[in-house]
Number of protein chains: 2
Amino acid sequence: MALQSVQPRDHRSYDIVIVGAGPAGLMLSTCLARWGYSIKHVDNRPEPTRTGRADGIQPRSLELLRNMGLKSQIMSHNPARVYEVAFWNPSQSGQGIVRTNTWASCPDFIDARYPFTTLLHQGYIEKVFIDDLVKHKVEIQRPWTVASFRSEECRDTNYPICVLLKHIDGEETQEVRAKYLFGGEGARSFIRQRLNIGFKYIDPVEHIWAVMDGVVQTDFPDIKMKCTIHSHHGSIMVIPREDNMVRLYVQIASSSEIGWDRRDIATEQEIQSLAKKILFPYTITWERVEWYSIYPIGQGISDKYSLDERTFLGGDACHTHSPKAGQGMNTAFMDALNLAWKIHAVEGGLAHRDILKTYELERRCVALRLLAFDNRYANLFSRRQAAHDDIKATLGKSRDDSEGDVDEFTKVFKESCEFTSGYGVAYGCNAINWSPDHEAKSALMHPKGIKLRTGHVFTNCDVTRVIDANVVHLEQEVPLNGAFRIFIFAGDLYSSQLALQDFATGLAQENSFIMAQARPDVNDVSHHEQHNPHSMFFTLCTVFAANRGCIDITKDVPGLLARYRYHVYADDRWDARVPAAKASAHAKIGVNAGERAIVVVRPDGHVAVVVSLVQGPGTINALNEYFSALNSMRLSNIE
Amino acid sequence: MALQSVQPRDHRSYDIVIVGAGPAGLMLSTCLARWGYSIKHVDNRPEPTRTGRADGIQPRSLELLRNMGLKSQIMSHNPARVYEVAFWNPSQSGQGIVRTNTWASCPDFIDARYPFTTLLHQGYIEKVFIDDLVKHKVEIQRPWTVASFRSEECRDTNYPICVLLKHIDGEETQEVRAKYLFGGEGARSFIRQRLNIGFKYIDPVEHIWAVMDGVVQTDFPDIKMKCTIHSHHGSIMVIPREDNMVRLYVQIASSSEIGWDRRDIATEQEIQSLAKKILFPYTITWERVEWYSIYPIGQGISDKYSLDERTFLGGDACHTHSPKAGQGMNTAFMDALNLAWKIHAVEGGLAHRDILKTYELERRCVALRLLAFDNRYANLFSRRQAAHDDIKATLGKSRDDSEGDVDEFTKVFKESCEFTSGYGVAYGCNAINWSPDHEAKSALMHPKGIKLRTGHVFTNCDVTRVIDANVVHLEQEVPLNGAFRIFIFAGDLYSSQLALQDFATGLAQENSFIMAQARPDVNDVSHHEQHNPHSMFFTLCTVFAANRGCIDITKDVPGLLARYRYHVYADDRWDARVPAAKASAHAKIGVNAGERAIVVVRPDGHVAVVVSLVQGPGTINALNEYFSALNSMRLSNIE
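Cut-offs and rules
Residues numbered from 1 in each chain as written. Chains lettered and ligands numbered in written order. Predicted model: local features only at pLDDT ≥ 70, side-chain atom pairs only at ≥ 80, totals over all residues. Heavy atoms only, no water. Pairing = 2+ DSSP bridges. Helix = DSSP H or I, 4+ residues; strand = E, 2+ residues; numbered from the N terminus. Buried < 20%, exposed > 50% of the residue type's maximum accessible area, 1.4 Å probe, protein only. Expected span 1.5 Å × (residues − 1). Domains from an automatic or database assignment. Contact = heavy atoms within 4.5 Å. Buried area = accessible area lost by both parts, 1.4 Å probe. Least-squares fit on C-alpha atoms with pLDDT ≥ 70 in both. Salt bridge = Lys/Arg side-chain N within 4 Å of Asp/Glu carboxyl O. Polar contact = N/O pair within 3.5 Å; in protein donor to acceptor, adjacent residues only side chain to side chain. Nonpolar A, V, L, I, M, F, W, Y, C, P; charged D, E, K, R; others polar. Axes fitted to C-alpha atoms, helices over the stretch in contact; angles between N-to-C directions. Parallel < 35°, antiparallel > 145°, perpendicular 65-115°, else oblique. Left-handed = near helix turned anticlockwise from the far one by under 90°. Phe/Tyr/Trp six-rings, centres within 6.5 Å; stacked < 30°, edge-to-face > 60°. Lys NZ or Arg CZ within 6 Å of the ring centre and 35° of its normal. Arc of directions from axis to C-beta.

## Observations concerning the sheet that holds strand β4 (residues 80–82) of chain B
All names here are of chain B.
- A sheet is described by the order of its strands in space; here three strands give the open sequence β3-β7-β4, paired in antiparallel fashion. Both outer strands of the open sheet, β3 (56–57) and β4, are each paired with one neighbouring strand and no more.
- With three bridges joining them, β4 and strand β7 (residues 117–119) adopt antiparallel strand pairing. Paired with V82 across the two strands is T117, which belongs to β7.

Written out as structure tokens, the structure is:
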């Protein structure tokens, strides 16, 4: 294994080698590049995605992209927006299809800033990340791939991973060293195979899908809506796209059928012909086909996401499923985000290396939920194709009392809205999510009445920023920069002064969670630094239940908290979800009049722990307990 | 004048020659380029604005930029947003300054989508337009200017203007012919002078202003707010900017004072020194000065905006005033927009050439109002500097009973909010604004109860687009494309059918306003054309007081109206301004249950006329009357 001696050597050592420039790899690369890490990023395709692939950005993902400052670039492509999904079924007369139901794709019970799915060609989305990477001097090396890799922890504890990269034509190679290796190379991950990590198929039935992007002319009235259409001739999913395009997913066959693998015979014309039959009595013709593909897909999950917390997998390398739920890209984004901030926390000295074990712990659960959802959804979708008679029987019932397939399909969809919107993704109680089940010592943890759910995304609230009177989205105020967001819901302006003062005093102590993580350049930080004047890992936001005009930062915000002058807020905006509340953000969080609480939000936007804000040292002690546990984490308390 | 024989000739004839690439010239150029006109655009500066100049985009202008699809590019520069203005005055103790009041810059009584002022360096704003022009193949020829021009209507009726352009160094020249010539060259307009158009100064007093853009360090708490500060040492206006910058306007002197012209002595240090005195007891130091300038400014207005409706002036060439109201760029935009669509209406055959007379008629009134506002505002601003004792006396009174300067200043500001937001700009009754005073024949004009004010901007409403269930801003649904927007508030879905059917039948007649302006390619228009399938001058939008799910475009939208399938809306969104309304858009417009109305909105977003929608031919006849009057306009009925 004397590779170094015979191969040209890239003499730089990298913080991370990222293989694959799809959604998972790009998100990880973009986060870590912005936070100052050195990255070797390779992709085996000669150029970014030109056609096809994923295209659905879920509401929570769009919020994340906004938090990264990338939303406006996405929206500049005029993507289609899906607010409602229409369900079409065979008409009772037996001829053609009729609309039987519609449902909001992100219903009102979900408190989303952007209650719609954004549909845009993956290539445009990738380009937004690639342009951002260029700004941070990361170039994706194409078409290159990984030839081999090995861990040499004993030889180089700083850069234990040795990776041999090769040009796709197999001639040129480079060997580099790295702290981490990430495999975001899709379902056939070489890294996963090389690590001998198993990949289990949940459902033994494979489905063959045809997907076609194109510009059509049709009198089908819902061609600009997301639709699931069941007919006597098969099923279609309609997805509107940018530039007058529409994507049709047509399920061609299942592996449970005889002679099922019809990939060879399904031509462009055959797919269109099938679509025409399904859409009858409506007509459809194609003005242009941008792309089409026929592919089998199974529902599978990787046994492990990492073996040693040095080499990680994410995205499709970990989980595959049908395209219909529009979750592939979104799940990949969230995998990468979850990993990114934990690597940052380890490398920055905030957390013990064992925090990296929570990556698999948290993300594999989400993938299992996704597969379970997809399984139910996809089986319902394909079952109709096989069981015409069952469907007819079900449709024979009146729509209200039907408890068969039709209602179950809609029910599954409705129940899953929260999950598929991204807001239902929740991480369980573990070393970083101190939900009420956690054996924390401080009695101030989990104050009564708090409506936030630990492990869930922090609640959206509008507030007024005191310094410039701007109306802002509180949850967006700290950019995605790898820092924890500490939201202090201080309640009433005057009665909170003593507790705030004590908390500020505690923060200023050398051993406080923030001072223990002080920036090396803390004494030379610019006057204009808004988010991280003391530590790269923390931003302190103070929210008063008061009108903006009453708040004087100099007088009302004590000590070190006042330095966060861009993060002092007045909770004085009306909110339709709590119409009677005087302080709607406090009300949404569950902090009632006379109460005060501090919400610790992880860098990825999920709630880590909530602590009462009280006079005396209790509050700072509770937060110090939480953060010192991160730092001295032991394997035993990970799960 | 045998210029052609000796000068190199640009053999192309242009629809318009535009001189000056500031806000007025760029807006005009961008509109006309998008609508298909050929443009020769010159500017005497070697490059776009690099520092200084205007920076305030008012709420209505931001809406306009959104309607042009340019808002996101503007916002990508992270401009400062001003939601509130703070008023500071000498403290009653006589030492330093105190905040005496704050006021929303666009208060709630104004129904604005974007209730804030956007502050961004003019260079960034210009670049957004210049980038758009490049897409439409218009390049600004720099540094070039106009050397002479003459009208030769008798010689060439198509391209009557002959313009001699020259390179700024005076050596190279080009002679071109054009249909129109626009002078947007600023206050010292050569074109205005050459036309011998007078420029009147409203107030004989000239003021000397210093303006400084820079990055500061200060403990002044409102440095991120717009502030007007009066002190015993003079007055300052604070304007926050992008990139941590702040702009300070300091009034140095007035021409009413002895030895007033201190342009020679006001150095960077002197301006800063004065600012420090004014801001006491707060401290301020400059980390960086990007730009500063000292200039005299008077309040003046051009006697005419055009002499022959071939050569026009706009922007600063027509009106100058102090920078404090932040109106310069906004007024220039609106001048250009007003002219652009009228040129388009004439050249496209929609309107008689006399419509161009309404450019001066409408825009000069606005400029006069602006000057009157600015005069009151600026005099109050500067008077404090001279009359310390008066101010002291005023301030000696309690704030509540004070009726002197302090309250008058605030009062002027408050009263003028609607005007300065852009929503107060209203055009009077004239040949194109058929307000109730207009001698229209049809009794269906101006139905009772309508809350829209003719000549004002159309009211903002949220509705649901039927075809894709998207929640949209109705007023933004037709892009700024030179077309009239015909909004049909059809009321109830079922009872409106007969009236809608009769209107649709009327529209389809050969002599209807829309068919009389049919596109030459009306039979070959793409299936995907959303806005102008029949005529480049009209888009028909149908709004039902019904839930989206109840509306079936095929059944409920008759005849030709159904072709506008992207413009059928459900008035089913709740609006805080009419909380009890079932159909909030109808309610805001003033169309009550059982009523129906058609609102004609000019291409620039101002309401032209409102007509009842009734059964029979009355409605189509009334609209035909309005549009045929545009086409047969006579001088006599312009004013």
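Alright, that's what it looks like, and here's the rest.
## Examining unusual backbone geometry
- Going from F280 of chain A to P281 of chain A, the amide bond is cis rather than trans, its omega being 15°.
- For P281 of chain A, the position within the fold is in the loop between α7 (268–279) and β17 (284–297).
- Look at the link from R142 of chain B to P143 of chain B: it is a cis peptide, with omega at -20°.
- Relative to the helices and strands, P143 of chain B is located in the loop between β8 (140–141) and β9 (144–151).
- With a phi close to 50°, N78 of chain B is a non-glycine residue in the positive phi region.
- Along the chain, the position of N78 of chain B falls in the loop between α4 (71–75) and β4.
- Accessibility expressed as a relative area gives 59% for N78 of chain B, which makes it exposed.
- Positive phi, close to 60°, is recorded for N196 of chain B, a residue that is not glycine.
- Among the secondary structure elements, N196 of chain B is positioned in the loop between α6 (190–194) and β12 (199–201).

## Quick word on helix α5 (residues 122–135) of chain B
Residue and element names in this part refer to chain B.
- Spanning 14 residues, α5 covers 20 Å between terminal C-alpha atoms, matching the ideal 20 Å at 1.5 Å per step.
- Of the positions making up α5, those classed as buried are Q122, G123, I125, E126, V128, F129, I130, D132 and L133.
- Of the residues trailing α5, K137 is marked for its positive phi of about 65°.

## Concerning the environment of A581 of chain B
- Along the chain, A581 of chain B turns up in the loop between β25 (568–570) and α15 (584–589).
- The spacing of A581 of chain B and Q269 of chain B is 312 residues in sequence and 59 Å in space, taken between C-alpha atoms.

## Thoughts on the domain arrangement of chain A
Residue and element names in this part refer to chain A.
- Domain assignment breaks chain A into domain 1 (13–202 + 299–421) and domain 2 (462–637).
- Look at where the C-alpha atoms of domain 1 and domain 2 centre, and you get two points 32 Å apart.
- Contact residues are listed per partner, giving 28 residues for domain 1 and 26 residues for domain 2.
- For the domain 1 and domain 2 pair, buried surface summed over both sides reaches about 2400 Å², with 51% attributable to carbon and sulfur atoms.
- Area buried by domain 1 at its contact with domain 2 is led by N67, R113 and L350, which between them contribute 31% of it.

## Some thoughts on the relation of the copies chain A and chain B
- Relative to chain B, chain A is turned by 180° and slid 0.0 Å along the rotation axis, the superposed coordinates differing by an RMSD of 0.0 Å. On this basis, the relationship between the two copies can be described by a two-fold rotation axis. When C-alpha distances to the rotation axis are compared across chain A, the minimum falls at S72 of chain A, with a value of 3.3 Å.

## Focus on the sheet that holds strand β18 (residues 300–302) of chain A
Residue and element names in this part refer to chain A.
- Strand order in the open sheet formed by three strands is β12-β18-β20, and the pairing between neighbours is antiparallel. Pairing within the sheet leaves two strands with one partner each, and these edge strands are β12 (199–201) and β20 (319–320).
- In this sheet, β20 lies alongside β18 in antiparallel orientation, the contact comprising two bridges. The residue of β20 that forms the bridge with G300 is T320.

## Observations concerning the pairing of strand β21 (residues 462–465) of chain B
Residue and element names in this part refer to chain B.
- Examined bridge by bridge, β21 and strand β22 (residues 471–473) share three bridges and lie antiparallel to one another. What sits directly across from T464, in β22, is V471.
- The hairpin turn running from β21 into β22, its antiparallel successor, is five residues long, and A469 in that turn takes a positive phi close to 60°.
- Note that β21 and β25 share two bridges and pair antiparallel.

## What about the pattern of salt bridges?
- Scanning the model with the defined rule gives 76 salt bridges over all chains in all.
- Put simply, R113 of chain B and E475 of chain B hold a salt bridge, and the shortest N to O gap is 2.6 Å. Separated by 362 residues along the polypeptide, R113 of chain B in the loop between β6 (97–104) and β7 and E475 of chain B in the loop between β22 and β23 (484–491) bring together distant segments of the chain.
- Classification of R113 of chain B by relative accessible area gives partly exposed; the value is 21%.
- You can call E475 of chain B buried: its relative accessible area is 7%.
- Where salt bridges share partners, they join R150, E152, R155, D156, E175 and R177 of chain A into one cluster.

## Regarding the environment of I229 of chain A
- With respect to the secondary-structure elements, I229 of chain A resides in strand β14 (residues 226–231).
- The residues contacting I229 of chain A, other than those within four sequence positions of it, are W88, I97, F220, G234, S235, I236, V238, I278 and L279 of chain A.

## Some words on the interface of chain A and chain B
- Contact with chain A, which involves 24 residues of that partner, is made by 24 residues of chain B.
- A buried area of about 2300 Å², summed over both sides, lies between chain A and chain B, and 50% of it is on carbon and sulfur atoms.
- By the criterion of area lost to chain B, the three top residues of chain A are Y83, K224 and H528 of chain A, representing 23% of everything that side buries.
- Between the two partners, chain A and chain B, sit two salt bridges.
- A salt bridge links R548 of chain A to E84 of chain B; the shortest N-O distance between them is 3.0 Å.
- Between the two partners, chain A and chain B, sit 10 residue pairs in polar contact (both at pLDDT 80 or more).
- The dominant element in the side of chain A that touches chain B, judged by the number of residues it contributes, is strand β13 (residues 207–218) of chain A, at four residues.
- Its residues placed into classes, the side of chain A that touches chain B shows 10 nonpolar, eight polar and six charged.

## Some remarks on the packing of helix α3 (residues 59–67) of chain A against helix α8 (residues 328–347) of chain A
All names here are of chain A.
- Relative to each other, α3 and α8 sit at 50°, their axes nearing to 10 Å. Considering their axes alone, α3 and α8 lie oblique with respect to each other. Between α3 and α8 lies a crossing whose hand is left-handed. Facing α3, whose interface residues are R60, S61 and L64, α8 presents N330, F333, M334 and L337.
- When grouped by side-chain class, the residues that make up the contact of α3 with α8 number four nonpolar, two polar and one charged.

## Re the packing of aromatic side chains
- The full count for this structure, using the stated rule, is 45 aromatic pairs over all chains.
- Seen from their ring centres, F199 of chain B and Y201 of chain B are 5.4 Å apart, and the 70° between their planes marks the pair as edge-to-face.
- Ring geometry for F458 of chain B and F487 of chain B: centres 4.6 Å apart, planes at 5°, overall stacked. A residue pair is termed long-range when its members are at least 10 positions apart, and F458 of chain B in the loop between α12 (417–421) and β21 and F487 of chain B in strand β23 qualify at 29 residues.
- Owing to a relative accessible area of 1%, F487 of chain B belongs among the buried residues under this scheme.
- Grouping aromatic residues by their ring pairs yields a cluster made of W341, W434, F484, F513, F538, Y626 and F627 of chain A.
- In this arrangement the basic side chain of R194 of chain B is found over the ring face of F149 of chain B, its NZ or CZ atom lying 5.9 Å from the centre.

## Quick notes on helix α7 (residues 268–279) of chain B
Residue and element names in this part refer to chain B.
- The end-to-end C-alpha separation of α7 is 17 Å, in line with the 16 Å expected for 12 residues at 1.5 Å each.
- Looking at α7, one finds that the buried residues are I271, Q272, A275, I278 and L279. Summarising the axial view, the buried residues of α7 lie within an arc of 120°, below the 170-degree limit, and thus occupy one face.

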